[in-house]
Amino acid sequence: MTDAVLPPLLLLGGGKMGSAMLAGWRERGVSRVVVIDPGAEAQALAGDGVEVVPSIGAVPAGFAPGAVILAVKPQMAEAAVDGLARFAGEAVIVSIMAGITINWLAGRFPGGAIVRAMPNTPAAVRQGITVAVAGAGVAPARRALAEALLGAVGDVAMVDDEALLDPVTAVSGGGPAYVFLLVELLEAAALEQGIPADLARRLARQTVIGSAALLAASDQPADALRRAVTSPKGTTERALAVLMDDAAWPDAMRRAIAAATARSRELASG
Ligand SMILES: NC(=O)c1ccc[n+]([C@@H]2O[C@H](COP(=O)([O-])OP(=O)(O)OC[C@H]3O[C@@H](n4cnc5c(N)ncnc54)[C@H](O)[C@@H]3O)[C@@H](O)[C@H]2O)c1
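Figured I'd write up the structure that's included with this text. As the structure is a prediction and not an experimental result, all values here were calculated from the model.

**Focus: unusual backbone geometry**
The bulk of non-glycine residues show a negative phi, and the bulk of peptide bonds are trans.
No. 1: Of note in this structure, Arg126 is not a glycine but carries a positive phi near 60 degrees.
No. 2: With respect to the helices and strands, the residue Arg126 is situated in the loop between β6 (113-118) and β7 (128-134).

Here it is as structure tokens:
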């Protein structure tokens, strides 16, 4: 399905994630996209078959999208989807909003085919990973279209259990933030050890970029790649002993993921 011709699309919210996905659909040769976004910045998305309108009322008359993608903040979902239900007869509804459940969406798109998904920002460079779940009774062709739209920006895993979306949001949805924090912390620690600022930044960035590329290119798991860096009685062993002291890093990561998972569930309950 990933090479299939994409139908006209309606995108609600052309912010960070919406615009990243739009770039992927453009690469796949989508013919027409209407983006609803009242923000001035979204105007930059217009051109080459993409129209940007400020409200649902301004969607061109007769426009019949094959999919409606919901990419506004969960807190504004209620107001933002008002008036969109009329598209649900023809279109699959794909939501990427954190914590917004299929049940909630079914209340706003009665009888609609709904797919709930959680992508991440590496989608902007087509290196994302999205986990998605289709609502009950979504026809295979609509499910496949949703998968193709999400697959335009990276890997996709379809699952059957919607409850998985909360920990997925914590792990891969927010995951890039934890990696970028690592870059920030590495840079700060380098500065503290007297490395000049421009070199500290270069070292921190390229270490994470290079490590990710090595992981991608290698057939070895992460722990083997870690061991390959860690010489017995060497410097890395000393550093890892600090990070793992009292299970500091494992414990912090466990608590962080549990906290984000709980927040995703909170968003779901309103
Ligand atoms: N940023 C991430 O890492 C990430 C990852 C996965 C999922 N998500 C989900 O994607 C959604 C969008 O997040 P984002 O980071 O792109 O946010 P964002 O703030 O960058 O984008 C939201 C966009 O919605 C627009 N908007 C506001 N009100 C609107 C309305 N009534 N109608 C249409 N558009 C409206 C804003 O102008 C903005 O451009 C959220 O629900 C979030 O949970 C985000």
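**Section: the site of the ligand**
No. 1: Not every one of the 22 residues close to the ligand is listed here, only the nearest: Lys16, Met17, Asp37, Val72 and Ala98.
No. 2: A distance of 2.9 Å separates an oxygen atom of the ligand from a polar backbone atom of Lys16.
No. 3: Backbone polar atom of Met17 to an oxygen atom of the ligand: 2.8 Å apart, as the coordinates give it.
No. 4: Grouping the amino acids of the shell around the ligand by side-chain chemistry returns 14 nonpolar, five polar and three charged.

**What about the sheet that holds strand β4 (residues 67-70)?**
No. 1: The strand order across the open sheet built from eight strands is β3-β2-β1-β4-β5-β6-β7-β8, with neighbouring strands paired in mixed fashion. Among the strands making up the open sheet, the edge pair consists of β3 (50-53) and β8 (154-159). Each strand axis lies, on average, 20 degrees off the axis of its neighbour in the sheet, ignoring direction.
No. 2: Two strands pair when backbone bridges link them, and β6 and β7 are joined in this way by four bridges, in the antiparallel orientation. In the strand pairing of β7, Ala117 is matched with Ala132.
No. 3: Contacts from helix α4 (residues 140-151) reach β1 (9-12), β4, β5 (92-95), β6, β7 and β8 within the one sheet, and its direction differs from that of β8 by about 145 degrees.

**Comments concerning α4**
No. 1: Across its twelve residues, α4 extends 16 Å between first and last C-alpha, which sits within 8% of the 16 Å expected from 1.5 Å per residue.
No. 2: Among the residues of α4, those classed as buried are Leu145, Ala146, Ala148, Leu149, Leu150 and Gly151.

**Remarks on the pairing of β7**
No. 1: Counted residue by residue, β7 has six buried out of seven residues, so it is predominantly covered.
No. 2: One ladder, built from six bridges, connects β7 with β8; its direction is parallel. Each residue of the ladder has a partner; that of Ile129, found in β8, is Asp155.
No. 3: The β-α-β motif built from β7, the intervening α4 and the parallel element β8 has right-handed crossover chirality.

What counts, and where the lines are drawn
Residues numbered from 1 in each chain as written. Predicted model: local features only at pLDDT ≥ 70, side-chain atom pairs only at ≥ 80, totals over all residues. Heavy atoms only, no water. Helix = DSSP H or I, 4+ residues; strand = E, 2+ residues; numbered from the N terminus. Near = heavy atom within 4 Å. Polar contact = N/O pair within 3.5 Å; in protein donor to acceptor, adjacent residues only side chain to side chain. Nonpolar A, V, L, I, M, F, W, Y, C, P; charged D, E, K, R; others polar. Pairing = 2+ DSSP bridges. Axes fitted to C-alpha atoms, helices over the stretch in contact; angles between N-to-C directions. Contact = heavy atoms within 4.5 Å. Expected span 1.5 Å × (residues − 1). Buried < 20%, exposed > 50% of the residue type's maximum accessible area, 1.4 Å probe, protein only. Right-handed = clockwise from strand over helix to strand, strands pointing away.

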